[in-house]
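For reference, the chains in residue letters:
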Amino acid sequence: MGRGKQVILNSMSFDNQSQAKEFFREMLNRYIPGEQISPEDSTHLGGLFKRHPEYAAKVGSGVDYFQVIPADYGTQCFCAVRMDGSKEGFSYIKCVTQKPD
């Protein structure tokens, strides 16, 4: 069985996608909806966000900060708050796998 696909960010790297998903799942669950992501976590999350298959559209005017927002079925997701104040939720799993819908 293969090692899996590495996930390499500017600030850190993971041997496989499962490790990356676990790291960002734990990060997501440390926050409550509406809470702003810490500067240290934002460094890692910003690198992950750049891997999103629709990054160019989602980044818009640029990211001011990240926060957690409520999502479907009682879950939560990461959200990029843009410089213009608009918000764009995104899936950390989609960023890890880089698979479009």
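Residues numbered from 1 in each chain as written. Predicted model: local features only at pLDDT ≥ 70, side-chain atom pairs only at ≥ 80, totals over all residues. Heavy atoms only, no water.

*Asks:* Looking at this model, I keep getting lost on the overall build of the protein chain. Mind explaining?
*Replies:* Scanning the protein chain for helices and strands turns up four helices and five strands. Helices (α) and strands (β) of the protein chain occur, in sequence order from the N terminus, as β-β-α-α-α-β-β-β-α. Its C-alpha atoms give the protein chain a radius of gyration of 13 Å, near enough to 13 Å, the size a compact globule of 101 residues would have. Each of the 101 residues in the protein chain was classed as buried or not, and the buried ones make up 40%. Residue pairs at least 24 apart in sequence account for 45% of intrachain contacts in the protein chain once pairs closer than 6 positions are excluded. Accessible area for the protein chain stands at about 6,000 Å²; split by element, carbon and sulfur atoms hold 50% of it. With 12 positive and 12 negative side-chain charges, the protein chain shows a spacing of 7 Å between the two charge centroids. (Helix = DSSP H or I, 4+ residues; strand = E, 2+ residues; numbered from the N terminus. Rg over C-alpha atoms; globule rule 2.2 N^0.38 Å. Buried < 20%, exposed > 50% of the residue type's maximum accessible area, 1.4 Å probe, protein only. Contact = heavy atoms within 4.5 Å. Areas by Shrake-Rupley, 256 points an atom, 1.4 Å probe, with all protein chains shown as cover. Lys, Arg positive; Asp, Glu negative; His and termini not counted. Charge placed at Lys NZ, Arg CZ, Asp CG, Glu CD.)

*Asks:* What should I look at first to understand unusual backbone geometry in this one?
*Replies:* Comment: phi is negative for the bulk of residues other than glycine, and the bulk of peptide bonds are trans. The backbone of Tyr-73 shows a phi angle near 60°, a positive value even though the residue is not glycine. Backbone geometry places Gln-98, a non-glycine residue, at a positive phi of 60°. Position of Gln-98 relative to the elements: it lies in the segment after helix H4 (92-97). Looking at Gln-98, the relative accessible area reads 41%, which means it is partly exposed.

*Asks:* Explain the packing of helix H1 (residues 17-29) against helix H2 (residues 39-49) to me, please; I cannot follow it from the model alone.
*Replies:* In helix packing, the relevant descriptors are the interaxial angle and the interaxial distance, both defined with respect to the helix axes. At their nearest, the axes of H1 and H2 sit 12 Å apart, and the two run at 130° to each other. Taken together, the axes of H1 and H2 are oblique relative to one another. Relative to H2, the crossing made by H1 is left-handed. Here Phe-23, Phe-24 and Met-27 of H1 lie close against H2, whose contacting residues are Asp-41, His-44, Leu-45 and Leu-48. Its residues placed into classes, the contact of H1 with H2 shows five nonpolar, one polar and one charged. (Axes fitted to C-alpha atoms, helices over the stretch in contact; angles between N-to-C directions. Parallel < 35°, antiparallel > 145°, perpendicular 65-115°, else oblique. Left-handed = near helix turned anticlockwise from the far one by under 90°. Nonpolar A, V, L, I, M, F, W, Y, C, P; charged D, E, K, R; others polar.)

*Asks:* Looking at this structure, I do not really get the nonpolar core. What am I missing?
*Replies:* Among soluble globular proteins, nonpolar side chains are generally buried collectively. In terms of nonpolar packing, the biggest core is built from 21 residues, with Phe-24, Ile-37, Leu-45, Leu-48, Phe-66, Phe-78 and Phe-90 touching the most fellow members. Top element by residues in this core is H1. It accounts for four residues. What Phe-90 contacts, discounting residues up to four positions off in sequence, is Leu-45, Phe-49, His-52, Lys-58, Phe-66, Cys-77, Phe-78, Cys-79, Ala-80 and Cys-95. (Core = buried A, V, L, I, M, F, W, Y, C linked by side-chain atoms within 4.5 Å.)

*Asks:* Explanation requested: the packing of aromatic side chains in the structure shown.
*Replies:* Given two aromatic rings, one states the distance between the centres and the angle between the planes to describe the pair. Under the counting rule described, the total for this entry stands at nine aromatic pairs. With 5.0 Å between their ring centres and 85° between their planes, Phe-23 and Phe-24 make a pair best called edge-to-face. Residue Phe-23 is classed as partly exposed on the basis of its relative accessible area of 25%. Between Phe-49 and Tyr-55 the ring centres are 5.2 Å apart and the planes differ by 75°, which places this aromatic pair in the edge-to-face class. (Phe/Tyr/Trp six-rings, centres within 6.5 Å; stacked < 30°, edge-to-face > 60°.)

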